[in-house]
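Secondary and tertiary structure notes
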Amino acid sequence: MTVRTGCKGAAGTTPTVEVSILRSTLRDPSIRRSKGLQRVVGALFAALIATLLIAAPSAQATTPSPSPSPTTFQNNISGFLRDDARAPIPGVKIKASGNGFEGEATSGANGAWTIGVPVQGTYTIELDTSTLPEGIALAEGQDNPRDVTFSQTSNLSVIFAFGEGIVVQQQDFGQNLLNRLVAGLSFGLLLALASVGLSLIFGTTGLTNFAHGEMVTLGAVLVFMFNGFGLPFWLAILLALVGGGVFGYVQDAGLWRPLRKRGSGLVPMMIVSIGLALAIRYVIQFFFGGATQQLPGAQSAEIQIGPVSISPNNLWSLIISAVVIALIGIVLLKTRLGKATRAVADNPALAAASGIDVDSVIRIVWIVGGVLASLGGILWAYYRPGVTFDMGSQILLLIFAGVTLGGLGTVFGALIGSIVVGIFVELTTVFGLPADLKYVGALFIMIVVLLFRPQGILGRRERVG
């Protein structure tokens, strides 16, 4: 900026100021690109906040509808009617009353029934025994009618036993071991999806991202939200994956890249990630609520595949996880992008000197990490089953355990470590460990392995000091 001032000597005249502004800096393309990126990032943040505002749960609405249709209300009372031979019992009427509401449902061809209720609370459920097929009666000791109460969930299950009632069958130890092994493999591959993304981010940036658990949560929450808008389920999943990728890009462009450019240390950035995780978690809780919601088809009976008994959801989770991880492995080993990613993870300075655009590689890694975390969150919502605001933070330590056990910064190490953690979590219950402590056992095995191999299973030994 150039400023010229002049003053006439005659009395009564006013000073004149001539200002000339140099506009060359405003025409600088790099500045225009920077400002354009800031506008894009700001628009994406605004879109994310607007989406969360729209996604405020309709379960908090207080205006009840007179229709008892299960699609009218977010809260449902449901169950399955099956006889001693596990055959469905169709055509049976069930009534629900309470909190100024009365509803009725009839069991379908598969024995399933659902009654939507306006608010959570205590309801009286009565099965109309006159509609039972001939020769079928409630088991001795079954309360009918009975009072049921919601407890931090939007879907309350009610079980009616018929004939001899519920018979506990002792399962063969070998059969139980095989089933838990398959379930552990499914859980381990699910963890691997999130662990691979976290390992890629750590390998290329050195950042220990504690907000990765919220990226897992976001995938399931977005599917629930888009499905609530009436979109087809496949489209809801696709949009949730896109949303996860966008969220990963926004994180890097709006927060982590500026911090890297400023030369921020890894420890301060890790602390920032902890604050970001808490902020995202409670923003999701504010708009999504604290109750457990269910995705479509979350409840499914187990099927028998040879000697293995597994639910369809766990089977699909196992297949999808294995296919996606195989594709990630092929990309890392066979494509130029994969080789560039491994080069940046090995030595960013040397990769930049070799002509690799390090920032572009890191940006792609954040997008891929966001997509993988969202997919892991969707599968985790079916494995639990249920969607909650803190579901990602519940398995964050297991994700870190898988990454650390396999070797920090190694993608295939994260895969192997996650599978070991998943299998160990499920097998501990077979050998008598209480279910509430099975996650503790997985962390314990990580500590034991690291005592003998500090670099992890596939990590490289490095000199410290």
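Residues numbered from 1 in each chain as written. Predicted model: local features only at pLDDT ≥ 70, side-chain atom pairs only at ≥ 80, totals over all residues. Heavy atoms only, no water.

Convention followed: UniProt positions are given in the numbering used here, feature names are shortened, and annotations may be inferred rather than shown by experiment.
The protein has the name Branched-chain amino acid ABC transporter permease in an unreviewed UniProt entry, where Paenarthrobacter nitroguajacolicus is given as its organism. What UniProt states about the protein under its Subcellular location (unreviewed entry) heading is, verbatim, "Cell membrane". Recorded in UniProt for the protein, the comment headed Sequence similarities (unreviewed entry) runs: "Belongs to the binding-protein-dependent transport system permease family. LivHM subfamily."

**Let's talk about the UniProt feature "transmembrane region" (unreviewed entry) in the protein**
Put simply, the test is: Secondary structure elements follow DSSP: runs of H or I of four or more residues count as helices, runs of E of two or more count as strands, with numbering from the N terminus.
In the numbering adopted here, UniProt assigns the feature "transmembrane region" (unreviewed entry) to residues 40-59, 181-203, 215-246, 266-284, 315-333, 364-383, 395-425 and 437-453. The distance separating the terminal C-alpha atoms of residues 215-246 is 11 Å; by composition the span is 88% helix and 0% strand. What you have in residues 315-333 is 100% helix and 0% strand, and the ends, taken at the C-alpha atoms, are 27 Å apart.

**Topic: the sheet that holds strand 9 (residues 155-157)**
Heads up, the rule is: Two strands make a pair as long as DSSP finds a minimum of two bridges between them. To define axes, lines are fitted to C-alpha atoms, for helices over the stretch in contact only, and angles between the resulting N-to-C directions are given on a 0 to 180 degree scale.
Judged by pairing direction, the sheet is mixed, and its three strands sit side by side in the order 6-3-9 without closing on themselves. Looking along the sheet, the strands with just one partner apiece sit at the ends: strand 6 (112-117) and strand 9. Strand-to-strand twist in this sheet, taken as the mean axis angle between neighbours without regard to direction, amounts to 25°. As paired elements, strand 3 (residues 75-80) and strand 9 share three bridges and run parallel to each other. Looking at the pairing, Ile77 lines up with Leu156 of strand 9.

**Observations concerning the packing of helix 3 (residues 212-228) against helix 5 (residues 266-288)**
The following threshold applies: Any angle from 65 to 115 degrees is called roughly perpendicular, while one under 35 is roughly parallel, one over 145 is roughly antiparallel, and all others are oblique. Here a crossing is taken to be left-handed if its near helix is turned anticlockwise relative to the far helix by less than a right angle, and right-handed if that turn runs clockwise. The contact definition used throughout considers only heavy atoms, calling two residues in contact when any of these lie within 4.5 Å. Gly counts as polar in this scheme, as do all residues outside two lists: the nonpolar Ala, Val, Leu, Ile, Met, Phe, Trp, Tyr, Cys and Pro, and the charged Asp, Glu, Lys and Arg.
One way to put it is that helix 3 packs onto helix 5 with a least axis distance of 10 Å and a crossing angle of 20°. As the angle between them shows, helix 3 and helix 5 are arranged roughly parallel. Between helix 3 and helix 5 the crossing geometry is left-handed. Seen from helix 3, the contacting residues are Glu214, Thr217, Val221 and Phe224; seen from helix 5, they are Ala277, Ile280, Arg281, Ile284 and Phe288. The residue inventory of the contact of helix 3 with helix 5, partitioned by class, reads six nonpolar, one polar and two charged.

**Some words on a nonpolar patch on the surface**
For clarity, the cut-off: Here a patch means residues that are over 30% exposed by relative accessible area and free of salt bridges, tied together within 9 Å if like-charged and within 5 Å if nonpolar (Val, Leu, Ile, Met, Phe, Trp, Tyr). Only the protein chains shown count as covering a residue, and every accessible area follows the Shrake-Rupley method with a 1.4 Å probe. A carboxyl oxygen of Asp or Glu within 4 Å of a side-chain nitrogen of Lys or Arg is what we treat as a salt bridge.
Taken together, the side chains of Trp316, Ile319, Ile320, Val323, Leu327 and Ile330 present a nonpolar region at the surface, about 570 Å² in accessible area. Within the secondary structure, Ile319 sits in helix 6 (residues 312-334).

**Details of the nonpolar core**
How we decide: In these notes, a set of buried Ala, Val, Leu, Ile, Met, Phe, Trp, Tyr and Cys residues joined through side-chain atoms within 4.5 Å is what counts as a nonpolar core. Any residue under 20% of the maximum accessible area for its type is buried, any over 50% is exposed, and the rest in between are partly exposed; the area is computed with a 1.4 Å probe on protein chains only.
Grouped together as the largest cluster of nonpolar side chains are 79 residues, with contacts concentrated most on Phe187, Val387 and Val421. If you tally residues by element for this core, the top one is helix 9 (residues 358-383), at 14 residues. Among the nonpolar cores identified, the runner-up in size contains 22 residues, and Phe73, Ile125, Phe160 and Phe162 belong to it.

**As for the environment of Ser195**
Let me state the cut-off plainly: As used in this structure description, the phrase polar contact means that two N or O atoms lie within 3.5 Å; if the pair is within protein, one of them must be able to donate a hydrogen and the other to accept it, and residues adjacent in sequence are counted only when both atoms belong to side chains.
Tracing the backbone shows Ser195 in helix 2 (residues 173-205). Separated by 217 residues in the primary sequence, Ser195 and Phe412 have C-alpha atoms spaced 9.9 Å apart. The contacts of Ser195, once residues within four sequence positions are left out, are Ile399, Val403, Ala414 and Ser418. Of note is the side chain of Ser195, whose polar atom sits 2.9 Å from the side chain of Ser418.

**What about helix 7 (residues 336-346)?**
Spelled out, the test is: Each direction from the helix axis to a C-beta atom contributes to the arc, which is the arc of those directions.
Here helix 7 has its buried residues at Gly338, Ala340, Thr341 and Val344. Angularly, the buried residues of helix 7 cover 160° about the axis, an arc narrow enough to put them on a single face. Buried residues belonging to helix 7 abut helix 2, helix 6, helix 8 (348-353) and helix 9.

**Remarks on unusual backbone geometry**
Look at the link from Asn144 to Pro145: it is a cis peptide, with omega at 5°. Note that the residue after Arg384, namely Pro385, is joined by a cis bond; omega there is 0°. The phi angle at Asn99 is positive, at roughly 55°, despite the residue not being glycine. Positionally, Asn99 belongs in the loop between strand 4 (93-98) and strand 5 (101-106).

**Remarks on the environment of Phe160**
Mapped onto the elements, Phe160 comes out in the loop between strand 9 and helix 2. Put simply, Phe160 and Phe80 are 80 residues apart on the chain and 8.0 Å apart in space, counted from C-alpha to C-alpha. Setting aside residues no more than four positions away along its own chain, Phe160 makes contact with Leu81, Trp113, Ile125, Leu127, Leu138, Gln142, Asp143, Asn144 and Arg146.

**So, the pattern of salt bridges**
Applying the stated criterion across every chain, the model contains five salt bridges. A salt bridge links Glu426 to Arg180; its shortest N-O distance comes to 2.6 Å. Remark: Arg180 occurs in helix 2 and Glu426 occurs in helix 12 (residues 411-427); sequence separation between them is 246 residues. With a closest N to O distance of 3.5 Å, Arg257 and Asp359 form a salt bridge. Here Arg257, found in helix 4 (residues 233-261), pairs with Asp359, found in helix 9; they are 102 residues apart in sequence, far enough to count as distant. For Arg257, a relative accessible area of 24% corresponds to the partly exposed category.

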